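Here is what each chain is made of, one letter per residue.
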Amino acid sequence: MQHQDIEMTINTVNASSNNELVIAFMGKGGTGKTFTSLGLIQSLRNLDKAMIVADADTNRSLSRYLTSHYLGYGEEELKELPLMTLAEQDFYEFQQLDSEQLYRDFYGTQFNEVKKFSVEPPDLFTQKYTKALDDKLALMSVGTSALRMEELYSNRCSHATLNPLKAWIALSTKGIVVLDCGGGEDAGRFGLPIGANVVVVVVEATPDAIAISEDIRAIDEELGIPVVYVLNKCLNQFPEVEAFEAEHGDNIVGKIPFIPTIYGKNPLKVFDEIEGIFTPMVEKILSVKLSSPQQRWERVLRWQERLQYQRESKKSQPFSFIS
Ligand SMILES: Nc1ncnc2c1ncn2[C@@H]1O[C@H](COP(=O)(O)OP(=O)(O)OP(=O)(O)O)[C@@H](O)[C@H]1O
Ligand SMILES: [Mg+2]
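Caption draft 1: Molecular detail of helix α13 (residues 293-315). Between its first and last C-alpha, α13 extends 34 Å over 23 residues, near the 33 Å set by a 1.5 Å rise per residue. Along α13, the positions that sit buried rather than exposed are Pro293, Arg296, Trp297 and Val300. Each element contacted by the buried residues of α13 is listed here: α6 (103-107), α8 (163-171) and β6 (172-173).

Written as structure tokens, this is what we have:
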């Protein structure tokens with residue numbers, strides 16, 4: 001498919017949703033989330049739309065690969081990136097929240113009463129917490145835990161520092177957002193990708209990784225987020241992998257072989273070798289029916305109502321070890 005055709009597809013698919021596409025990557029540790037997101041990011045660039053890459057993983061692989069490729073950064077410069085985990089005050093100001101207000105209240109606010117974020121042109125908050133990589137691509141990063149020592153001694157849950165990112169994902173409009181959630185189902189448990197249009201679960205083609213991907217899928221499904229899969233590092237034919245393929249059929253948007261020559265390398269430096277894998281993947285992801293920004297925010301509201309319900313039903317039940 002030509003670039004023009006891909007552009008037409010995205011315009012058609014997103015006509016009702018103001019042209020945004022928010023893709024979150026999840027998966028067990030080491031399955032290839034960062035590799036796959038980078039391949040997809042490079043392919044999505046052909047659409048010539050503004051894109052923000054959000055790196056929610058404290059190992060900063062995505063930030064490292066992107067800044068090294070686009071800005072020639074090393075480890076020291078990486079520490080200078082603006083951090084979303086320090087954005088709380090600005091987030092409150094942008095949304096005009098009272099400093100006493102809890103995120104809980106904010107997440108319960110109706111769609112027409114919350115301010116939306118914009119990828120293109122970027123609003124002031126988005127501009128402050130992203131680093132431009134070139135004129136169409138910018139990076140948003142959470143940084144390492146080591147840079148946020150206060151979390152180590154804080155009595156607040158460290159997940160709370162991800163609230164500005166979580167809300168930004170749910171309320172971002174007008175452009176493409178790619179989110180690397182980091183390894184495991186943790187990001188799902190505290191709802192980080194709840195506002196994404198689609199979650200891509202990267203599954204290593206082994207029996208163990210397939211079993212773990214089921215936990216991730218179950219959480220995304222409970223939150224109401226559409227899920228598609230990429231099978232990565234396909235090497236041996238396991239019956240469990242074949243069964244997985246038979247079960248998920250159309251929801252598998254790509255199968256990537258294990259490619260020894262690219263192992264451990266910056267995918268952006270070897271993109272020529274892998275480009276052919278990612279172009280059809282972009283097309284398949286674009287063919288997923290996308291939710292409108294309002295529907296994405298409704299998921300947050302639903303989740304918030306459910307939390308409230310749990311809280312209240314807990315209060316009315318006497319505590320017991322034997323349930
Ligand atoms: N298809 C592949 N063929 C060969 N090597 C691969 C392939 N996919 C990923 N890798 C390699 O596997 C390693 C892990 O990949 P990657 O960092 O993308 O995984 P991840 O899921 O993001 O890991 P983490 O959970 O630590 O963030 C990297 O060294 C990468 O080069
Ligand atoms: Mg990674």
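Caption draft 2: Seen up close, the packing of helix α2 (residues 33-44) against helix α12 (residues 271-286). Two elements in contact, α2 and α12, have axes separated by 8 Å at closest approach and are oriented at 75°. Here α2 is positioned roughly perpendicular relative to α12, judged by the angle of their axes. Here Gly39, Leu40, Gln42, Ser43 and Leu44 of α2 come into contact with α12, specifically with Phe271, Ile274, Glu275, Ile277, Phe278, Thr279, Met281 and Val282. In terms of residue class, the contact of α2 with α12 is built from eight nonpolar, four polar and one charged.

Caption draft 3: Quick peek at the sheet that holds strand β5 (residues 137-141). Here eight strands make up an open sheet; going across it, the order is β4-β5-β2-β7-β1-β8-β9-β10 and the pairing mixed. Here the strands that pair on one side only, and so sit at the sheet edges, are β4 (131-134) and β10 (252-257). Across the sheet, the axes of successive neighbouring strands diverge by a mean angle of 20°, strand direction being ignored. Inspection of the sheet shows strand β9 (residues 227-234) paired to β10 by four bridges, in the parallel sense. Looking at β10, one finds that Leu231 is bridged to Lys255. The strands touched by helix α10 (residues 207-223) within the sheet are β1 (21-26), β8 (198-204) and β9, with β8 carrying the most contacts at an inclination of about 170°.

Caption draft 4: Quick look at the site of ligand 1. Around ligand 1, a shell composed of 21 residues is seen, among which Gly29, Gly32, Thr34, Phe35 and Gly183 lie nearest. Taken together, the elements giving at least two residues each to the shell around ligand 1 come down to α2 and β9. Broken down by class, the residue content of the shell around ligand 1 amounts to six nonpolar, twelve polar and three charged.

Calculation notes
Residues numbered from 1 in each chain as written. Chains lettered and ligands numbered in written order. Predicted model: local features only at pLDDT ≥ 70, side-chain atom pairs only at ≥ 80, totals over all residues. Helix = DSSP H or I, 4+ residues; strand = E, 2+ residues; numbered from the N terminus. Expected span 1.5 Å × (residues − 1). Buried ≥ 20, exposed ≤ 12 C-beta atoms within 10 Å, placed from the backbone. Contact = placed C-beta atoms within 7 Å. Axes fitted to C-alpha atoms, helices over the stretch in contact; angles between N-to-C directions. Parallel < 35°, antiparallel > 145°, perpendicular 65-115°, else oblique. Nonpolar A, V, L, I, M, F, W, Y, C, P; charged D, E, K, R; others polar. Pairing = 2+ DSSP bridges. Near = placed C-beta within 6 Å.

What is shown is where atoms sit, not what they do.
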